[in-house]
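Each chain, letter by letter, is given below.
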Amino acid sequence: MAKEIERKFLVKHAGWQTAAGPGATMRQGYLAAMDDRTIRIRLINGESARLTIKIGTGMLTRDEFEYEVPLADGEELIASAIGTVIAKTRYRVQGGTHVWEVDVFEEPYAGLIVAEVEMQTETDSLAMPDWIGEEVTDDRRYSNFALATQRDKLRPDLTLAPPAGSSAQKIT
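**Considering the overall build of the protein**
- A count of helical and extended segments in the protein gives three helices and eleven strands.
- Along the protein, from the amino end to the carboxyl end, the secondary structure elements read β-β-β-β-β-α-β-β-β-β-α-α-β-β.
- For the protein, with 172 residues in total, the buried portion stands at 45%.
- For the protein, the share of sequence-separated contacts (at least 6 apart) that also reach a separation of at least 24 residues comes to 56%.
- Entry remark: accessible area of the protein is about 9,000 Å², with carbon and sulfur atoms responsible for 51%.

Below you can see the structure in the form of structure tokens.
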């Protein structure tokens, strides 16, 4: 089985942008879910589609299986997504020995910026860039699944990245 070991953090400021590669626009939705598994479809740059199955109850380590699917199939599947289809742009940023993926969300989560980093082991040592803020790995409110399916319940409690020169704010 393929294991995904991933930590997730809020982003404090725009310092990541200077080292970011080109962004990839993504639309993703969830097709099915149970307490310990999800099935997601993701459209990337309107050019490709990936079906992902995640299994496990932990937020740090889960089994993950990803498959390329024809774009037309992906578009048809995303039309059947439960909840809200998430729109975001993902940027890859090299940070020490790891690559950070910075997700900049669009409406209804405009202002939410989250950085994820995949690791080889749960005990990998991470060099934390200064733009990395609070860790939210175990905070289910920041999981893409919760953002897509529990928006009304969770949205008021999410923290937005601050605009330049200001402090973090809550989404209202």
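**Some details on the pattern of salt bridges**
- For the structure shown, the criterion picks out 16 salt bridges.
- Linking Arg-62 and Glu-4 is a salt bridge whose minimum nitrogen-to-oxygen distance equals 3.5 Å. You can see Arg-62 sitting in strand β5 (residues 61-69) and its partner Glu-4 sitting in strand β1 (residues 3-11), a full 58 residues away along the chain. For the pair shown, Arg-62 and Glu-4 are each scored as buried.
- Lys-88 serves as the salt-bridge partner of Asp-103, at 3.0 Å between the closest nitrogen and oxygen. Placement of the pair is Asp-103 in strand β7 (residues 98-105) and Lys-88 in strand β6 (residues 82-95), with a sequence separation of 15 residues. Comparing Asp-103 with Lys-88 shows no difference in burial state: the two are buried.

**Comments concerning unusual backbone geometry**
- Of note, the bond from Glu-107 into Pro-108 is cis; its omega dihedral lies within 30 degrees of zero at 5°.
- Backbone geometry places Asn-45, a non-glycine residue, at a positive phi of 55°.
- Mapping Asn-45 onto the fold places it in the loop between β3 (37-44) and β4 (48-55).
- Looking at Asn-45, the relative accessible area reads 35%, which means it is partly exposed.

**Some words on the side chain of Asp-63**
- Residue placement: Asp-63 occurs in strand β5.
- For Asp-63, a relative accessible area of 10% translates into the label buried.
- Here the side chain of Asp-63 touches Lys-3 through a polar contact of 2.7 Å, side chain to side chain.

Rules used in this analysis
- Residues numbered from 1 in each chain as written.
- Predicted model: local features only at pLDDT ≥ 70, side-chain atom pairs only at ≥ 80, totals over all residues.
- Heavy atoms only, no water.
- Helix = DSSP H or I, 4+ residues; strand = E, 2+ residues; numbered from the N terminus.
- Buried < 20%, exposed > 50% of the residue type's maximum accessible area, 1.4 Å probe, protein only.
- Contact = heavy atoms within 4.5 Å.
- Areas by Shrake-Rupley, 256 points an atom, 1.4 Å probe, with all protein chains shown as cover.
- Salt bridge = Lys/Arg side-chain N within 4 Å of Asp/Glu carboxyl O.
- Polar contact = N/O pair within 3.5 Å; in protein donor to acceptor, adjacent residues only side chain to side chain.

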